[in-house]
2 protein chains.
Amino acid sequence: MRQIEKYNIFERSIKGPEPSTTNVKVDFTGTFRKEDKEVNIKGFYNGNGEYLVRFMPDEEGIWHYELILNASEEIRESGDFECFRETANNHGPVIVNGMNFQYADGTRYIPFGTTLYAWIHQPMQLIEKTIETLSRSPFNKVRMCVFPKGMMYNNNEPELFPFEKNEEGNWDVNQPNFEFWNHLETQLKALIHLGIEADLILFHPYDRWGFANFSREDNLTYLDYCVRRLAAFRNIWWSLANEYDLVHDKNEEDWETFGKFISLEDAYNHLLSNHNCFKIYDASKPWITHCSIQTNSVQKTKMFRDQYKKPVLIDECKYEGNIEPSWGNISGFEMVHRFWTVMVLGGYCTHGETFHRDDEVLWWAKGGELHGESVNRIAFLKNIMSELEGDIQPDKATFDVNPNDPSIKEKLDSVEMDPFAKALFSLDPVELSEFMYGFSTVFSGRHDDKYMIKYLGRECRCFTELELPENGEEYSIEVIDIWEMTRETVLDNAKGKVRVNLPGKEGIAVIATKNK
Amino acid sequence: MRQIEKYNIFERSIKGPEPSTTNVKVDFTGTFRKEDKEVNIKGFYNGNGEYLVRFMPDEEGIWHYELILNASEEIRESGDFECFRETANNHGPVIVNGMNFQYADGTRYIPFGTTLYAWIHQPMQLIEKTIETLSRSPFNKVRMCVFPKGMMYNNNEPELFPFEKNEEGNWDVNQPNFEFWNHLETQLKALIHLGIEADLILFHPYDRWGFANFSREDNLTYLDYCVRRLAAFRNIWWSLANEYDLVHDKNEEDWETFGKFISLEDAYNHLLSNHNCFKIYDASKPWITHCSIQTNSVQKTKMFRDQYKKPVLIDECKYEGNIEPSWGNISGFEMVHRFWTVMVLGGYCTHGETFHRDDEVLWWAKGGELHGESVNRIAFLKNIMSELEGDIQPDKATFDVNPNDPSIKEKLDSVEMDPFAKALFSLDPVELSEFMYGFSTVFSGRHDDKYMIKYLGRECRCFTELELPENGEEYSIEVIDIWEMTRETVLDNAKGKVRVNLPGKEGIAVIATKNK
C-alpha cells in the first residue's frame, strides 16, 4: 500500500483528453475517506493530458480515495493509502490558537517573517542563494507574490509568467503556464524543507504587465487554479493582497468575493488575510483568520488585538535599509526595536531589507544575501521567545483607556493631587489613548504567573519597578540588551515589588521568570 | 549728568512713608520724556521706606524724568540723564521679527533654550555652579519659575518665598518678600551678563505651598508687582505658565485676564506666551507674541507656524535623561534630532536634562552641572545656524497638503500611474497630512536662494537629491553628521539638480550654500 506522511502531499495523476475551453475549471475530483470523514478535492490540469489531484491528510491510518475525470466511468481510479505519523520537522499547517498561532499538531508557532516579494521571479542562481541565506536565518515565514513585481529596483523581466497569452496578446487565465506553476511549487517545497511558511500574496499593485487589471471573473479563475494546485501544501497562507488599497482596479466587493471564494474552496482552511497600505482591512470579517497589517505605528499592536480579537501580524513596518523612500531606510536598531515592541504587545512583526545595490538585488523583493544588522538581533529575540513558556498576554497600559469605562471618573477623583494625571484623565478617552500611544514606548506583558516581560523601548531609564505576582513564588530577573544581545541575571530570588537597575540606554528589556 | 547705557536699567529711588494697606499697588510713578516720546512707568516699594522706579531707555540722547509719590508735591524728583549707545554684548530686548526673533538693535537672535525651573530656589553654592555651567554652554534662554517647584526630585524647601504670610498663616500677595525679589533680580542680572534671556514662568502646577491657588485678584496683584519690578530687565520674557492646562484652579478667563493685564502694563511689550501640557494655548490671541509649545510631535513645527503665523518655540519636547517618567528619559541623540527637526521646520527647540542623582540635583529643575551628550551637539548646531545667512524658511513638504487646496484633484490625475501616490492623494487631506507627518522624518528649508538645508532625520539614506535654485549660481554642498559633529564639503561648484551620496545612517544633514 502507498504510504504518505501526515501533512505531506498525497498526489495522484490520471491521463485524459486535453480540456476544451479552460485548462483551469476542469472536472476532475478526488474524494478521500477515512471512517466517517470525507474530503472532496478538486484536481487541476498540468498539461500534456495529465490531470493531478493533491491531498494533505491530517489523520493517521488508512485512507480510501476515488478520482473521477469528466464524470466518466472510464477515467477514474480508486485505491487506499496509509498515512503515517509526521516526522520531527513536520508539524502540519499553522492554525490560529486564540490570539496566537500553533501548528496543527499543537506545537507552538511564533512567526518571524521576512519579505521576498519577487524571489521566485529571479534567475535560478539567485533563487538558490536566497534559499541558502534563508536556511541560515531566523525567518520562518516569507511574504511572496505569485505575480512578478514592477517598481523601483524591480526592472528585470521574469523568465516565467503564470499564464499564457491569447491570440490578441492578452493574458488568458484559462491557460496557466504549467512551467511557472511547477517552478513556484519547487520553491514552496524548498520552504517546507526549511520549516518556512509561505504567506502567498495573490494580488498586488506594483504591476507593469496587466496582472492587476483582470475582470472579477478572470480573477476567480486564477484563484481557483491557485487553490486546486497549492492548497495541499501545508505551509501555504493566503494573503489576498499586498496593499489591497493600492490595487485601484478592485473594490470592496471584489475582496469580499475573493476572500469568501478561497475560504469556501480551500478544504484545509489555510490562514487567510488581506494586507493594507493605508486603511487597515476589516479583520473582523469571518473569513479573515488574522490581522496582516502595514503600519508605522507598531505601538498600536495591542489596540488591533483588542479591536479584532484575532492574532496580529504587523506584516510591514518599513524596511531596514538605506534607499531613498521613507519606507526603505530605517536603521537596524529601529527594526529590532519594532520587533520587540510588537512582540511585547502580543503581536508578531515582519522583517524586510532594502540596502541599495547597483545590481538592484535587494533582499526585500529579490532575495540573495542579507546585509543588515537586525537579522542577528531578531534571531536573539526568537531564541528568547522560544524559551518563554506560553504566549505573551500584553498588559493593559497605565493609560490604555476604554472610552466606555465608567471608572475613568473614579480615576479622576483618585488622582486629584497629581496635576498631570488629573489633566490626562480629563481628556476625552480617545484623545487620551492617542496621546499615550505617542508618549510612552514602554510596554509589558506576561503569561499567567509564569513570566513577566517589560520592554523599555527608546526610554533610557536607569531603573524600573516590577510588581511580581503575589503567589509566594520566587522569580529570576534578567536584564536584556536587545542590540548588544546580552542577558544578565540581576536577581534570582525576587518577590513582590522589585526595583531593577538598568543601564539607562535605548533597547533594554527585563524578564522575570518564575523559578522552577 | 547721569549716564546710562541704552537698554540698561535707569533706576531711581525716593524715600517716603511706609505704604498703609498694600506694598504692591503703591502710588509711585515715573514719567520719562525725550522729544515727543513719553513713557509712564509705575514704581514699586522695596521696604524700609524706599520706593524705586526702573526705566529701560531705548533711544540714545537726553531724557527728562519726573517721579511722584502719592501725588504729593513734596515727594517728587525730576532730572535728566543721558542715554548712550549700547556696548558690544548689549543688543536690547528680544522682539519678534516675522516668524523669527531679533534683538531690538536688529541683531539676529536664535533661541537655544534650556530649562532651569527652580534654579533660583536652590542654595547659593548651587546657583553659582549653575551660572558657571551656563557660561560654558550654548544656551541663550532659560525657562525659570518665580514660584518654587514641588514634585519628584524637588523635595527641598527654598530659603526665600515671594511673599510674606499674614496673621492667619496665608500668603499675603500685598506683602512681597523683598529679599526674595532682590535675589531673583540678582540672578536675572547674572543672566544678562551671560547674554541669556529669562523666560520667566509666572504660574505652574507643581506647587505644595499654595501659590497655585490664589484668587484672580491676588494673582493680578502678584503680576502687578512682577511688572513694576522686572519689566525694565531687557532679558525678561513673560511665560504666563508652565503647563497652563495643569493649573486646574485657573480657567480660560483667568489666562485671558492675566495676558491682557501684562500686555497692557508692560511698557516695553516684552515677549509674552503661555505654555501647555496637552492642549496648545491659542497663540492666535493678539497679546501672545509667539508660540511656546510642549509637544512630543516636533515634526508638526511648521504646521504650528502655518496655523498661528507667529514664531514657534518648542519649549518642551521631553528631556535628555534616565529617570522613570517617559518625559525624562530620551537619549542624547533623540534630543539633538529634535533640535534639528524643529530648526529645519522653521522653529526653535528647548533643551532640558534629567539624569537621576541620589542628591536630586537634576539640571532640568535645579541646575548644577550638565551631564548629557546633547549639549555639545546643540552647540555645534548653534554654530552652523549662526553662520547661515538669514532665517530658515521651511519648505512645503511633498505631502504637506492644505485641505482647501483645489489642486489635490490635479495631483491625483498626475499620479495616476503610481499606486502609492494615487491612494495617498485619495485620502482625506487631513488624514493625508497626519499620515505624512508620522511617515517621513526628512524636512528641508532655505533662505531665499542663499542656502538650502535638508535634514534626513532618522532616515538612513545612502544618497539624496537636491534641486538647487535655477539662478546660474554655484553652490557648495556640505554633508553634516549631527552626532559626530563633522562637516564635509562634498561638492564646491554644484548647480541644478545634484545627487549627494550620504553615509546611510541616522542624523545626517545636507547644506548647500551659494558661493560668494
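For the structure, check the block above.
What this report covers is the structure whose coordinates are included nearby. Along each chain, residue indices are assigned from 1 in the same order as the chain's sequence is written. The naming scheme follows written order: chains are lettered A onward, ligands numbered 1 onward. For this predicted model, a pLDDT threshold of at least 70 governs which residues receive local features, and a threshold of 80 or more governs which side-chain atom pairs are given and counted, while totals over whole chains, interfaces and linings are taken from all residues. No hydrogens and no water enter the side-chain calculation; it runs on all heavy atoms of the structure.

**Considering the relation of the copies chain B and chain A**
Both copies of the chain are placed relative to one another by a rotation about an axis and a shift along it. Least squares is used to superpose the copies, and the fit set is the C-alpha atoms of residues whose pLDDT is at least 70 in both copies. When chain B is fitted to chain A, the residual RMSD is 0.0 Å, and the transformation amounts to a turn of 180° plus an axial shift of 0.0 Å. Expressed as a symmetry operation, the mapping of one chain copy onto the other fits a two-fold axis. Scanning chain B for the C-alpha nearest the rotation axis identifies B:Gly438, at a separation of 5.2 Å. Should any heavy atoms of two residues lie within 4.5 Å, those residues are considered in contact. Here 100% of the contact residues of chain B are again contact residues in chain A; the copies associate through an equivalent surface.

**Points about the pairing of strand β9 (residues 94–97) of chain B**
Residue and element names in this part refer to chain B. The pairing criterion is simple: DSSP has to find at least two bridges between the two strands. Only DSSP runs of H or I reaching four residues or more are called helices, and only runs of E reaching two or more are called strands; each is numbered from the N terminus. Relative to strand β10 (residues 100–103), β9 runs antiparallel, the two sharing 4 bridges. Across the sheet, the residue bridging to Ile95 is Gln102, located in β10. Joining the antiparallel neighbours β9 and β10 is a turn of 2 residues, in which Gly98 adopts a positive phi near 65°.

**Things to note about the side chain of B:Glu334**
Residues and elements named next belong to chain B. Mapped onto the elements, Glu334 comes out in helix α6 (residues 332–344). For Glu334, a relative accessible area of 11% gives the class buried. Here the side chain of Glu334 touches Arg338 through a polar contact of 2.6 Å, side chain to side chain. Throughout this description, buried means an accessible area under 20% of the type-specific maximum (1.4 Å probe, protein chains only), exposed means over 50%, and partly exposed covers the range between. Whenever two N or O atoms come within 3.5 Å, that pair is a polar contact, provided that in protein one can donate a hydrogen and the other can accept it, and provided that, for residues adjacent in sequence, both atoms are side-chain atoms.

**With respect to the interface of chain B and chain A**
Residue-level contacts link 40 residues of chain B with 40 residues of chain A. When the buried area of chain B at its contact with chain A is split by residue, B:Phe278, B:Glu324 and B:Phe439 rank highest and sum to 21% of it. By convention in these notes, a salt bridge is any Lys or Arg side-chain nitrogen within 4 Å of a carboxyl oxygen on Asp or Glu. At the boundary of chain B with chain A, the tally comes to 2 salt bridges. Between A:Glu324 and B:Arg461 there is a salt bridge, with the nearest N and O atoms lying 3.9 Å from each other. Scanning the region where chain B abuts chain A turns up 16 residue pairs in polar contact (both at pLDDT 80 or more). In short, buried area is how much 1.4 Å probe accessible area vanishes from two parts on joining, totalled over both.

**Concerning the sheet that holds strand β28 (residues 486–494) of chain A**
Residues and elements named next belong to chain A. Taken together, the 6 strands give an open sheet; going across it, the order is β23-β24-β25-β30-β27-β28, and neighbouring strands pair in antiparallel fashion. Of all the strands in the sheet, just β23 (393–394) and β28 have a single pairing partner and so form its edges. Strand direction decides the pairing type here: β23 and strand β24 (residues 443–447), joined by 2 bridges, are antiparallel. The residue bridging Pro394 from the neighbouring strand is Gly445, located in β24. With respect to the sheet, helix α6 (residues 332–344) is in contact with β23, β24, β25 (451–455), β27 (475–481) and β30 (508–514), its orientation differing from that of β25 by roughly 140°. Between N-to-C directions, angles cover 0 to 180 degrees, with each direction set by a line fitted to C-alpha atoms, over the stretch in contact for helices.

**Focus: the pattern of salt bridges**
The tally for this structure, following the rule as stated, stands at 87 salt bridges over all chains. Between B:Asp359 and B:Arg357 there is a salt bridge, with the nearest N and O atoms lying 2.8 Å from each other. On the basis of relative accessible area, B:Arg357 is assigned to the partly exposed category, the value being 29%. Taken together, the shared-partner salt bridges in this structure form one network comprising A:Lys34, A:Glu35, A:Lys37, A:Asp58 and A:Glu59.

**Considering the nonpolar core**
Grouped together as the largest cluster of nonpolar side chains are 128 residues, with contacts concentrated most on A:Phe32, A:Met144, A:Leu202, A:Tyr222, A:Trp238 and A:Trp340. Side-chain atoms within 4.5 Å link the members of a nonpolar core, which is a set of buried Ala, Val, Leu, Ile, Met, Phe, Trp, Tyr and Cys residues. Listed in part, the 126 residues of the second largest apolar core include B:Tyr65, B:Ala232, B:Leu313 and B:Cys349.

**Things to note about the packing of aromatic side chains**
The relation between two aromatic rings is expressed through the spacing of the ring centres and the mutual angle of the planes. Residue and element names in this part refer to chain B. The rule is short: rings of Phe, Tyr and Trp, with Trp giving its six-membered ring, pair when the centres are within 6.5 Å, and they are stacked under 30 degrees, edge-to-face over 60, tilted in between. Counted under the stated rule, the structure contains 97 aromatic pairs over all chains. Ring centres of Phe203 and Trp255 lie 6.0 Å apart, and the angle between their planes is 75°; on these two criteria the pair is classed as edge-to-face. Here Phe203 is found in strand β15 (residues 197–203), whereas its partner Trp255 is found in helix α4 (residues 252–265), with 52 residues between them in sequence. The class for Trp255 is buried, based on a relative accessible area of 1%. Geometry around Tyr117 places Lys149 over its ring, the cationic atom sitting 4.4 Å from the centre. Any Lys NZ or Arg CZ found within 6 Å of a ring centre and within 35 degrees of that ring's normal is scored as a charge over the ring. Sitting over the face of the ring of Trp171, Lys165 holds its NZ or CZ atom 4.6 Å from the ring centroid.

**Comments concerning the pairing of strand β28 (residues 486–494) of chain B**
Residue and element names in this part refer to chain B. Taken together, the 6 bridges between strand β27 (residues 475–481) and β28 define a ladder with antiparallel strand orientation. Paired with Ile480 across the bridge in β28 is Arg487. Count of turn residues in the β27/β28 antiparallel hairpin: 4 residues, of which Met485 carries a positive phi of about 60°.

**Section: the sheet that holds strand β5 (residues 44–45) of chain B**
The strand order across the open sheet formed by 3 strands is β2-β6-β5 (chain B), and the pairing between neighbours is antiparallel. This sheet does not close on itself; its edge strands, each paired only once, are β2 (10–15) and β5 of chain B.

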